[in-house]
Amino acid sequence: MKYLDEYRDADQAQKLAREVRRVTTRSWNIMEVCGGQTHAIVKFGIDELLPEQINLIHGPGCPVCVTPLEIIDQALDIAARPDVIFASFGDMLRVPGSTTDLLAVKAAGGDVRMVYSPLDAVKLAEQNPAKEVVFFGVGFETTAPATAMAVYQAAQKGLKNFSMLISHVLVPPAIEALMSSPNCKVQGFLAAGHVCTVMGYEEYPPLAAKYRVPIVVTGFEPLDILQGVLMTVRQLESGRAEVENQYTRSVQREGNRPAQELIRKVFKVVPRKWRGVGEIPRSGLGLREEYAAFDAQVKFGLAGREVAEPAECLSGLVLQGQIKPHECPAFGTRCTPERPLGAPMVSSEGACAAYYRYRRH
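We now turn to the structure provided with this report. (Residues numbered from 1 in each chain as written. Predicted model: local features only at pLDDT ≥ 70, side-chain atom pairs only at ≥ 80, totals over all residues. Heavy atoms only, no water.)

## Things to note about the sheet that holds strand S9 (residues 243–245)
One open sheet accounts for five strands, arranged S2-S1-S7-S8-S9; its pairing is parallel. Here the strands that pair on one side only, and so sit at the sheet edges, are strand S2 (54–58) and S9. Sheet twist, expressed as the average angle between the axes of neighbouring strands with direction ignored, equals 25 degrees. Pairing analysis gives five bridges linking strand S1 (residues 28–32) to S2, with the strands arranged parallel. Paired with Trp-28 across the two strands is Ile-54, which belongs to S2. (Pairing = 2+ DSSP bridges. Helix = DSSP H or I, 4+ residues; strand = E, 2+ residues; numbered from the N terminus. Axes fitted to C-alpha atoms, helices over the stretch in contact; angles between N-to-C directions.)

Given below as C-alpha coordinates:
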(Lines give C-alpha, C1' and ligand atoms only; values in the text may rest on other atoms or scores of the structure.)
Protein backbone atom coordinates (compact mmCIF):
# COMPACT_ATOMS: atom_id res chain seq x y z
CA MET A 1 0.00 0.00 0.00
CA LYS A 2 1.48 3.35 -1.00
CA TYR A 3 2.66 5.58 1.84
CA LEU A 4 2.19 2.82 4.45
CA ASP A 5 5.79 3.17 5.66
CA GLU A 6 5.30 6.79 6.65
CA TYR A 7 2.75 5.68 9.26
CA ARG A 8 5.28 3.23 10.70
CA ASP A 9 8.26 5.57 10.90
CA ALA A 10 10.24 4.68 14.03
CA ASP A 11 11.69 8.16 14.55
CA GLN A 12 8.27 9.76 14.36
CA ALA A 13 6.91 7.14 16.75
CA GLN A 14 9.61 7.94 19.30
CA LYS A 15 8.89 11.64 18.88
CA LEU A 16 5.19 11.14 19.57
CA ALA A 17 5.96 8.88 22.54
CA ARG A 18 8.27 11.54 24.02
CA GLU A 19 5.51 14.11 23.66
CA VAL A 20 3.06 11.81 25.45
CA ARG A 21 5.58 11.43 28.28
CA ARG A 22 6.08 15.20 28.41
CA VAL A 23 2.37 16.03 28.80
CA THR A 24 1.48 13.17 31.16
CA THR A 25 1.38 14.13 34.83
CA ARG A 26 -0.81 11.35 36.28
CA SER A 27 -2.21 7.91 35.48
CA TRP A 28 -4.84 7.51 32.74
CA ASN A 29 -6.80 4.52 31.47
CA ILE A 30 -7.52 4.68 27.74
CA MET A 31 -9.50 2.04 25.86
CA GLU A 32 -9.01 1.28 22.19
CA VAL A 33 -12.36 0.07 20.88
CA CYS A 34 -11.13 -1.79 17.80
CA GLY A 35 -9.43 -5.18 17.75
CA GLY A 36 -7.36 -4.06 14.78
CA GLN A 37 -5.90 -1.32 16.95
CA THR A 38 -5.26 -3.87 19.72
CA HIS A 39 -3.22 -6.04 17.33
CA ALA A 40 -1.21 -3.02 16.16
CA ILE A 41 -0.54 -1.96 19.77
CA VAL A 42 0.72 -5.41 20.76
CA LYS A 43 2.55 -6.19 17.50
CA PHE A 44 4.50 -2.93 17.37
CA GLY A 45 4.95 -2.58 21.14
CA ILE A 46 3.15 0.76 21.22
CA ASP A 47 2.12 0.33 24.86
CA GLU A 48 5.77 -0.26 25.76
CA LEU A 49 6.74 3.09 24.22
CA LEU A 50 4.31 4.95 26.45
CA PRO A 51 4.96 6.12 30.02
CA GLU A 52 3.91 3.80 32.86
CA GLN A 53 1.05 6.13 33.73
CA ILE A 54 -0.75 5.34 30.46
CA ASN A 55 -2.69 2.08 30.65
CA LEU A 56 -4.15 0.93 27.34
CA ILE A 57 -7.27 -1.17 27.93
CA HIS A 58 -8.45 -3.53 25.22
CA GLY A 59 -12.16 -3.19 24.54
CA PRO A 60 -14.90 -5.32 22.92
CA GLY A 61 -13.74 -4.23 19.47
CA CYS A 62 -13.72 -7.65 17.84
CA PRO A 63 -17.14 -8.41 16.27
CA VAL A 64 -16.24 -12.09 15.87
CA CYS A 65 -15.40 -12.28 19.58
CA VAL A 66 -18.66 -10.75 20.77
CA THR A 67 -20.87 -12.96 18.57
CA PRO A 68 -23.01 -14.91 21.09
CA LEU A 69 -22.38 -18.61 21.55
CA GLU A 70 -25.96 -19.45 20.59
CA ILE A 71 -25.51 -17.71 17.23
CA ILE A 72 -22.37 -19.77 16.62
CA ASP A 73 -24.33 -22.92 17.47
CA GLN A 74 -27.09 -21.85 15.09
CA ALA A 75 -24.48 -21.44 12.36
CA LEU A 76 -23.18 -24.94 13.06
CA ASP A 77 -26.72 -26.35 12.96
CA ILE A 78 -27.45 -24.75 9.59
CA ALA A 79 -24.05 -25.56 8.06
CA ALA A 80 -24.40 -29.27 8.86
CA ARG A 81 -27.61 -29.64 6.83
CA PRO A 82 -27.20 -31.48 3.53
CA ASP A 83 -29.25 -29.03 1.49
CA VAL A 84 -27.30 -25.94 2.63
CA ILE A 85 -24.30 -24.01 1.34
CA PHE A 86 -23.05 -21.99 4.32
CA ALA A 87 -20.94 -18.95 3.38
CA SER A 88 -18.83 -17.04 5.86
CA PHE A 89 -15.85 -14.75 6.21
CA GLY A 90 -12.74 -16.74 7.08
CA ASP A 91 -12.34 -15.41 10.61
CA MET A 92 -15.55 -17.15 11.72
CA LEU A 93 -14.50 -20.64 10.64
CA ARG A 94 -12.45 -21.53 13.73
CA VAL A 95 -14.58 -19.76 16.34
CA PRO A 96 -15.67 -22.45 18.81
CA GLY A 97 -19.32 -23.19 19.43
CA SER A 98 -20.54 -25.38 22.28
CA THR A 99 -19.03 -28.53 20.79
CA THR A 100 -17.23 -27.79 17.52
CA ASP A 101 -16.54 -25.14 14.85
CA LEU A 102 -17.36 -24.51 11.20
CA LEU A 103 -14.10 -25.98 9.94
CA ALA A 104 -14.94 -29.26 11.69
CA VAL A 105 -18.42 -29.19 10.14
CA LYS A 106 -16.77 -28.73 6.74
CA ALA A 107 -14.38 -31.61 7.41
CA ALA A 108 -17.37 -33.80 8.28
CA GLY A 109 -18.96 -33.09 4.91
CA GLY A 110 -20.81 -29.82 5.39
CA ASP A 111 -20.70 -27.43 2.45
CA VAL A 112 -19.01 -24.52 4.23
CA ARG A 113 -17.40 -21.92 1.99
CA MET A 114 -15.19 -18.96 2.79
CA VAL A 115 -16.18 -15.83 0.87
CA TYR A 116 -14.71 -12.35 0.70
CA SER A 117 -17.98 -10.46 0.29
CA PRO A 118 -21.66 -11.07 1.08
CA LEU A 119 -22.27 -10.51 -2.64
CA ASP A 120 -20.31 -13.72 -3.28
CA ALA A 121 -23.03 -15.55 -1.34
CA VAL A 122 -25.71 -13.98 -3.56
CA LYS A 123 -23.86 -15.34 -6.59
CA LEU A 124 -23.75 -18.77 -4.98
CA ALA A 125 -27.51 -18.67 -4.54
CA GLU A 126 -27.97 -17.78 -8.20
CA GLN A 127 -25.62 -20.57 -9.31
CA ASN A 128 -27.13 -23.22 -6.98
CA PRO A 129 -30.94 -22.88 -7.14
CA ALA A 130 -31.46 -26.34 -5.63
CA LYS A 131 -29.51 -25.40 -2.47
CA GLU A 132 -30.27 -23.08 0.41
CA VAL A 133 -27.44 -20.53 0.62
CA VAL A 134 -26.91 -18.89 4.02
CA PHE A 135 -24.45 -16.08 4.68
CA PHE A 136 -23.10 -15.45 8.20
CA GLY A 137 -23.47 -11.68 8.61
CA VAL A 138 -21.14 -10.63 11.42
CA GLY A 139 -19.44 -7.31 12.04
CA PHE A 140 -19.67 -3.74 13.21
CA GLU A 141 -21.11 -0.91 11.14
CA THR A 142 -18.08 -1.25 8.86
CA THR A 143 -19.37 -4.38 7.10
CA ALA A 144 -23.11 -3.68 7.48
CA PRO A 145 -23.46 -1.80 4.14
CA ALA A 146 -22.17 -4.80 2.16
CA THR A 147 -24.50 -7.14 4.06
CA ALA A 148 -27.40 -4.78 3.42
CA MET A 149 -26.53 -4.63 -0.28
CA ALA A 150 -26.54 -8.44 -0.49
CA VAL A 151 -30.03 -8.62 1.02
CA TYR A 152 -31.23 -5.81 -1.23
CA GLN A 153 -29.85 -7.50 -4.35
CA ALA A 154 -31.29 -10.88 -3.35
CA ALA A 155 -34.70 -9.22 -3.00
CA GLN A 156 -34.35 -7.49 -6.37
CA LYS A 157 -33.40 -10.80 -8.00
CA GLY A 158 -36.27 -12.64 -6.31
CA LEU A 159 -33.97 -15.26 -4.78
CA LYS A 160 -35.95 -17.63 -2.57
CA ASN A 161 -32.96 -19.79 -1.61
CA PHE A 162 -30.89 -17.06 0.02
CA SER A 163 -30.89 -16.00 3.67
CA MET A 164 -28.64 -14.51 6.33
CA LEU A 165 -27.74 -15.40 9.87
CA ILE A 166 -27.15 -11.92 11.22
CA SER A 167 -25.17 -10.78 14.25
CA HIS A 168 -24.25 -7.19 13.38
CA VAL A 169 -23.45 -4.97 16.36
CA LEU A 170 -23.15 -1.21 16.87
CA VAL A 171 -20.29 0.56 18.65
CA PRO A 172 -21.83 3.63 20.40
CA PRO A 173 -24.29 1.57 22.55
CA ALA A 174 -21.36 -0.65 23.61
CA ILE A 175 -19.39 2.40 24.74
CA GLU A 176 -22.42 3.55 26.73
CA ALA A 177 -22.83 0.11 28.30
CA LEU A 178 -19.17 0.06 29.32
CA MET A 179 -19.33 3.55 30.81
CA SER A 180 -22.52 2.66 32.71
CA SER A 181 -20.87 -0.30 34.42
CA PRO A 182 -19.90 0.23 38.07
CA ASN A 183 -16.61 -1.56 37.34
CA CYS A 184 -15.64 0.75 34.49
CA LYS A 185 -12.23 2.40 34.84
CA VAL A 186 -11.98 3.84 31.32
CA GLN A 187 -11.20 7.57 31.18
CA GLY A 188 -10.76 8.02 27.42
CA PHE A 189 -11.54 6.18 24.18
CA LEU A 190 -9.77 5.64 20.89
CA ALA A 191 -12.75 5.18 18.58
CA ALA A 192 -12.58 2.78 15.62
CA GLY A 193 -11.64 4.68 12.47
CA HIS A 194 -13.20 2.22 10.01
CA VAL A 195 -16.57 2.34 11.79
CA CYS A 196 -16.50 6.12 11.69
CA THR A 197 -15.57 6.07 7.99
CA VAL A 198 -19.03 4.61 7.41
CA MET A 199 -21.06 6.15 10.24
CA GLY A 200 -19.19 9.38 10.96
CA TYR A 201 -18.93 10.48 14.58
CA GLU A 202 -22.05 12.56 15.14
CA GLU A 203 -23.25 10.00 17.73
CA TYR A 204 -20.19 10.46 19.94
CA PRO A 205 -20.44 14.04 21.31
CA PRO A 206 -23.48 13.20 23.51
CA LEU A 207 -21.54 10.25 24.97
CA ALA A 208 -18.46 12.37 25.59
CA ALA A 209 -20.57 15.01 27.32
CA LYS A 210 -22.69 12.56 29.36
CA TYR A 211 -19.77 10.57 30.76
CA ARG A 212 -17.13 13.33 30.69
CA VAL A 213 -14.84 11.15 28.59
CA PRO A 214 -12.67 12.18 25.62
CA ILE A 215 -13.27 10.19 22.41
CA VAL A 216 -10.66 10.40 19.65
CA VAL A 217 -11.43 8.77 16.29
CA THR A 218 -8.21 6.93 15.50
CA GLY A 219 -6.63 4.95 12.66
CA PHE A 220 -4.78 1.66 12.81
CA GLU A 221 -1.11 2.28 12.08
CA PRO A 222 1.43 2.90 14.87
CA LEU A 223 1.63 6.67 14.29
CA ASP A 224 -2.17 6.88 14.14
CA ILE A 225 -2.49 5.19 17.51
CA LEU A 226 0.29 7.18 19.15
CA GLN A 227 -1.21 10.42 17.89
CA GLY A 228 -4.64 9.29 19.09
CA VAL A 229 -3.22 8.58 22.54
CA LEU A 230 -1.49 11.97 22.60
CA MET A 231 -4.72 13.78 21.65
CA THR A 232 -6.61 11.86 24.35
CA VAL A 233 -4.01 12.56 27.04
CA ARG A 234 -3.96 16.26 26.19
CA GLN A 235 -7.73 16.36 26.72
CA LEU A 236 -7.53 14.43 29.98
CA GLU A 237 -4.72 16.58 31.33
CA SER A 238 -6.62 19.79 30.51
CA GLY A 239 -9.97 18.51 31.85
CA ARG A 240 -11.68 18.43 28.45
CA ALA A 241 -14.09 15.76 27.24
CA GLU A 242 -14.58 16.27 23.52
CA VAL A 243 -14.69 14.29 20.29
CA GLU A 244 -11.67 14.76 18.03
CA ASN A 245 -10.75 13.16 14.73
CA GLN A 246 -7.19 11.88 14.33
CA TYR A 247 -8.11 9.81 11.25
CA THR A 248 -8.84 12.77 8.99
CA ARG A 249 -7.50 11.07 5.88
CA SER A 250 -10.46 8.68 5.99
CA VAL A 251 -13.16 9.96 8.33
CA GLN A 252 -15.56 12.86 7.96
CA ARG A 253 -17.95 13.94 10.69
CA GLU A 254 -21.04 12.93 8.71
CA GLY A 255 -19.55 9.65 7.44
CA ASN A 256 -20.76 7.94 4.29
CA ARG A 257 -24.37 9.02 3.84
CA PRO A 258 -25.26 6.60 0.98
CA ALA A 259 -23.94 3.67 3.03
CA GLN A 260 -25.94 4.78 6.06
CA GLU A 261 -29.07 5.11 3.94
CA LEU A 262 -28.66 1.56 2.64
CA ILE A 263 -28.23 0.24 6.20
CA ARG A 264 -31.43 2.02 7.30
CA LYS A 265 -33.31 0.71 4.26
CA VAL A 266 -32.59 -2.95 5.03
CA PHE A 267 -31.98 -3.04 8.79
CA LYS A 268 -33.65 -1.84 11.96
CA VAL A 269 -31.96 -1.30 15.32
CA VAL A 270 -32.57 -4.15 17.77
CA PRO A 271 -31.28 -5.32 21.17
CA ARG A 272 -28.28 -7.60 20.77
CA LYS A 273 -26.52 -9.98 23.12
CA TRP A 274 -22.73 -9.57 23.17
CA ARG A 275 -20.72 -12.65 24.08
CA GLY A 276 -19.14 -12.17 27.48
CA VAL A 277 -20.90 -8.85 28.00
CA GLY A 278 -24.64 -9.58 27.91
CA GLU A 279 -27.55 -7.95 26.14
CA ILE A 280 -27.13 -4.28 25.25
CA PRO A 281 -30.25 -2.33 24.21
CA ARG A 282 -30.31 -0.95 20.67
CA SER A 283 -26.84 -2.34 19.98
CA GLY A 284 -27.56 -4.55 16.98
CA LEU A 285 -29.06 -4.66 13.52
CA GLY A 286 -31.89 -6.94 12.42
CA LEU A 287 -33.75 -7.22 9.15
CA ARG A 288 -36.77 -5.00 8.58
CA GLU A 289 -40.14 -6.68 8.13
CA GLU A 290 -40.06 -6.27 4.34
CA TYR A 291 -36.86 -8.35 4.26
CA ALA A 292 -37.87 -10.90 6.91
CA ALA A 293 -37.95 -13.70 4.31
CA PHE A 294 -34.14 -13.52 4.29
CA ASP A 295 -33.80 -14.14 8.04
CA ALA A 296 -32.11 -17.54 8.48
CA GLN A 297 -33.11 -17.77 12.15
CA VAL A 298 -36.77 -17.67 11.13
CA LYS A 299 -36.37 -19.79 7.99
CA PHE A 300 -34.65 -22.60 9.91
CA GLY A 301 -36.63 -22.20 13.14
CA LEU A 302 -33.64 -21.43 15.33
CA ALA A 303 -34.62 -18.20 17.09
CA GLY A 304 -34.81 -18.12 20.87
CA ARG A 305 -32.13 -20.67 21.76
CA GLU A 306 -29.91 -19.90 24.76
CA VAL A 307 -26.49 -21.43 25.44
CA ALA A 308 -24.37 -21.06 28.58
CA GLU A 309 -20.79 -19.80 28.23
CA PRO A 310 -17.98 -22.15 29.33
CA ALA A 311 -17.01 -21.22 32.88
CA GLU A 312 -13.26 -21.59 32.32
CA CYS A 313 -13.15 -19.00 29.51
CA LEU A 314 -12.67 -15.48 30.87
CA SER A 315 -13.01 -13.79 27.48
CA GLY A 316 -15.92 -11.75 28.82
CA LEU A 317 -13.61 -10.05 31.31
CA VAL A 318 -11.06 -9.50 28.54
CA LEU A 319 -13.70 -7.97 26.25
CA GLN A 320 -14.86 -5.64 29.02
CA GLY A 321 -11.30 -4.54 29.70
CA GLN A 322 -11.34 -5.94 33.24
CA ILE A 323 -8.28 -8.14 32.66
CA LYS A 324 -5.52 -8.50 30.08
CA PRO A 325 -5.41 -11.80 28.14
CA HIS A 326 -2.31 -13.13 29.91
CA GLU A 327 -4.08 -12.71 33.26
CA CYS A 328 -6.51 -15.52 32.35
CA PRO A 329 -5.30 -18.78 34.01
CA ALA A 330 -6.08 -20.75 30.83
CA PHE A 331 -4.14 -18.44 28.51
CA GLY A 332 -1.46 -20.24 26.51
CA THR A 333 -2.02 -23.55 28.31
CA ARG A 334 -5.58 -24.86 28.18
CA CYS A 335 -6.50 -22.14 25.67
CA THR A 336 -4.41 -21.84 22.51
CA PRO A 337 -5.16 -21.07 18.85
CA GLU A 338 -5.14 -24.83 18.17
CA ARG A 339 -7.55 -25.55 21.05
CA PRO A 340 -9.34 -22.28 21.86
CA LEU A 341 -11.81 -21.89 24.68
CA GLY A 342 -13.19 -18.68 23.22
CA ALA A 343 -13.27 -16.55 20.09
CA PRO A 344 -10.64 -13.95 21.19
CA MET A 345 -7.95 -16.64 20.87
CA VAL A 346 -8.67 -17.38 17.19
CA SER A 347 -10.12 -14.19 15.70
CA SER A 348 -7.78 -12.03 13.64
CA GLU A 349 -8.88 -9.11 15.85
CA GLY A 350 -9.00 -10.97 19.17
CA ALA A 351 -6.90 -9.62 22.03
CA CYS A 352 -5.99 -13.10 23.23
CA ALA A 353 -4.72 -14.03 19.76
CA ALA A 354 -2.59 -10.87 19.69
CA TYR A 355 -1.03 -11.63 23.08
CA TYR A 356 -0.45 -15.26 22.17
CA ARG A 357 1.27 -14.34 18.93
CA TYR A 358 3.34 -11.37 20.07
CA ARG A 359 3.61 -11.52 23.90
CA ARG A 360 3.50 -15.20 24.82
CA HIS A 361 7.15 -15.21 25.86
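Following the structure, the description resumes.
## Examining the state of the cysteines
The final tally for this structure, using the stated rule, is one disulfide. In this model, Cys-62 is linked to Cys-65 through a disulfide, with the two sulfur atoms separated by 2.3 Å. Because the sign of the S-S torsion sets the handedness, a value of about 70 degrees for the bond joining Cys-62 and Cys-65 places this disulfide among the right-handed ones. One exposure class covers both Cys-62 and Cys-65, and it is buried. Cysteine Cys-34 shares no disulfide, and the gap to the nearest cysteine sulfur, in Cys-62, comes to 8.9 Å. The closest cysteine sulfur to the non-disulfide-bonded Cys-313 is located on Cys-335, 6.0 Å from its own sulfur. Residue classification places Cys-313 among the buried positions, given a relative accessible area of 17%. (Disulfide = S-S within 2.5 Å. Buried < 20%, exposed > 50% of the residue type's maximum accessible area, 1.4 Å probe, protein only.)

## Examining the nonpolar core
Among the nonpolar cores identified, the biggest contains 90 residues, and Ile-78, Phe-86, Phe-136, Phe-162, Phe-189 and Tyr-204 are the most heavily contacted of them. Per-element tally for this core: the top contributor is helix H4 (residues 69–79), with six residues. Those residues within four positions of Phe-86 in sequence are excluded, and the remaining contacts are Ala-75, Ile-78, Ala-79, Leu-102, Asp-111, Val-112, Arg-113, Val-134 and Phe-136. With 20 residues, the next largest nonpolar core counts Leu-16, Ile-30, Ala-40 and Ile-41 among its residues. (Core = buried A, V, L, I, M, F, W, Y, C linked by side-chain atoms within 4.5 Å. Contact = heavy atoms within 4.5 Å.)

## Here's the deal with the environment of Glu-327
By secondary structure assignment, the location of Glu-327 is in the loop between helix H14 (315–319) and helix H15 (351–358). The class for Glu-327 is partly exposed, based on a relative accessible area of 48%. Spatially, the C-alpha atoms of Glu-327 and Pro-340 are 16 Å apart, while their sequence positions differ by 13 residues. At 2.7 Å, the side chain of Glu-327 forms a polar contact with the backbone nitrogen of Lys-324. (Polar contact = N/O pair within 3.5 Å; in protein donor to acceptor, adjacent residues only side chain to side chain.)

## A word on the side chain of Gln-74
Turning to its location among the elements, Gln-74 is positioned in helix H4. With residues up to four places along the chain from it excluded, the contact list for Gln-74 reads Leu-165, Gln-297, Leu-302 and Arg-305.

## Digging into the sheet that holds strand S11 (residues 278–287)
A sheet is described by the order of its strands in space; here six strands give the open sequence S4-S3-S5-S6-S11-S10, paired in mixed fashion. At either margin of the open sheet sits one strand with a lone partner, and together these are strand S4 (111–114) and strand S10 (267–274). For this sheet the average axis-to-axis angle between neighbouring strands, irrespective of direction, equals 25 degrees. Where S10 and S11 come together, seven bridges link them in antiparallel fashion. By the bridge assignment, Trp-274 is partnered in S11 with Gly-278. Relative to the sheet, helix H8 (residues 171–180) contacts strand S6 (162–169), S10 and S11, its axis offset from that of S11 by approximately 175 degrees.

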